[in-house]
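# Structural overview
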Amino acid sequence: MKIVAILRTKNSLFVLDECLTKLSSLVDEIIILDNGSTDGTLDVVKKFPKVVQIIFNDDTNNFHEGRDMNLLLTEAKKRNPDWITMAWPDEVFEKHLTRNIIDGYMHSRYNCVNFRMCHFWLSMRYCRYDRRWLKYTLAPQRQMWRNLSEAYFNDVVIHPGMIRGINSKIYVSPFRIKHYGYVDKENVVSKMKVFKKADPDGDEKYRPSDMEHKESTEHVLRYPFIEPENRVLNYVYILFYDFCCNVLWVLLKIKRRYLGKLKIFR
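Residues numbered from 1 in each chain as written. Predicted model: local features only at pLDDT ≥ 70, side-chain atom pairs only at ≥ 80, totals over all residues. Heavy atoms only, no water.

Time to look at the nonpolar core. Core analysis: the largest hydrophobic core is formed by 43 residues, its most contacted members being L20, I30, I102, F115 and M144. Of all the elements, strand β6 (residues 112–121) adds the most residues to this core, at five residues. With residues near it in sequence (within four places) discarded, I102 still touches I3, L26, L97 and M144. (Core = buried A, V, L, I, M, F, W, Y, C linked by side-chain atoms within 4.5 Å. Buried < 20%, exposed > 50% of the residue type's maximum accessible area, 1.4 Å probe, protein only. Helix = DSSP H or I, 4+ residues; strand = E, 2+ residues; numbered from the N terminus. Contact = heavy atoms within 4.5 Å.)

The following block contains the structure:
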């Protein structure tokens with residue numbers, strides 16, 4: 001079965017090579033939409049044979065992630081894949097996820113496979129989980145999905161989120177995605193400026209990652225990312241991690257519903 005990945009970039013050098021290297025081992029084709037990179041991002045992208053299409057769309061003064069993701073989705077569907085997946089250039093699937101595992105997902109009864117993310121915070125080793133970051137850790141935020149006509153992304157300026165329109169036969173994979181988008185402080189500050197300019201009314205939702213707000217600088221909790229070299233040991237560990245996430249996710253939902261005023265783990 002054929003799977004196509006879609007990826008949106010702009011000045012994304014940080015872990016782009018690692019992202020595309022891993023992605024190339026998992027998918028058949030990759031489509032890139034570049035929003036006007038000037039840092040050599042395109043030079044890296046062109047090194048990968050599985051990048052079959054590059055769409056150029058300079059978003060200077062015209063930032064709109066939802067528009068871009070739906071454009072990528074439309075182009076991906078034109079290549080007649082059985083499945084489609086997405087990634088951002090600062091995200092890397094963990095090393096023990098293989099094409100054989102992806103093939104197993106594609107031949108399963110599921111229409112969508114979700115992945116949780118581990119959000120590295122000012123470090124290449126430690127991931128953040130305090131306040132709203134706990135929800136971001138427990139709730140899956142990336143997917144691969146069967147190429148169905150009803151699939152679409154929310155048409156919003158920032159953070160269109162997961163694919164919409166697929167509400168049945170969903171599986172949550174124990175394999176994780178390493179998210180390096182908050183490792184470099186200077187890059188985070190720059191990104192927040194872009195978000196605030198494009199969405200001036202969204203200040204509250206950017207607080208967890210806004211270096212100028214106390215929610216991002218006080219009482220930060222982090223855990224070490226564990227990825228054993230041994231494949232079997234890693235699988236046992238991620239199954240345990242997956243179990244813990246499922247339990248905590250249920251507890252967090254209960255807390256939000258019945259103990260909403262409790263100021264712990266929003």
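After presenting the structure, the write-up continues.
Bringing the pattern of salt bridges into the picture now. Counted under the stated rule, the structure contains 18 salt bridges. We note a salt bridge from D17 to K47, for which the minimum N-O separation is 3.1 Å. Here K47 lies in the loop between α2 (41–45) and β3 (51–56) and D17 lies in helix α1 (residues 16–24), a separation of 30 residues in the sequence. Note that E94 and R176 form a salt bridge whose closest N and O atoms lie 2.9 Å from each other. A residue pair is termed long-range when its members are at least 10 positions apart, and E94 in the loop between β5 (91–93) and α4 (99–106) and R176 in strand β9 (residues 170–182) qualify at 82 residues. Comparing E94 with R176 shows no difference in burial state: the two are buried. (Salt bridge = Lys/Arg side-chain N within 4 Å of Asp/Glu carboxyl O.)

Quick look at the packing of aromatic side chains now. For the structure on display, the rule yields 15 aromatic pairs. Between F175 and Y235, the aromatic rings sit 6.1 Å apart at their centres with planes inclined by 35°, giving tilted as the arrangement. Placement of F175 in strand β9 and of Y235 in helix α7 (residues 231–258) is noted, with a sequence separation of 60 residues between them. Clustering of aromatic rings is evident, with ring pairs tying together F93, Y105, Y110, F115 and Y171. Taking the ring centre of Y241 as reference, the NZ or CZ of R176 above it sits at 5.5 Å. (Phe/Tyr/Trp six-rings, centres within 6.5 Å; stacked < 30°, edge-to-face > 60°. Lys NZ or Arg CZ within 6 Å of the ring centre and 35° of its normal.)

The next thing to look at is a nonpolar patch on the surface. Together, F243, V247, L248, V250, L251, I254, Y258 and L259 line one region of the surface with nonpolar side chains, adding up to about 770 Å² of accessible area. The topology assignment puts V247 in helix α7. A relative accessible area of 37% places V247 in the partly exposed class. (Patch = residues over 30% accessible without salt bridge, like charges linked within 9 Å, V, L, I, M, F, W, Y side chains within 5 Å. Areas by Shrake-Rupley, 256 points an atom, 1.4 Å probe, with all protein chains shown as cover.)

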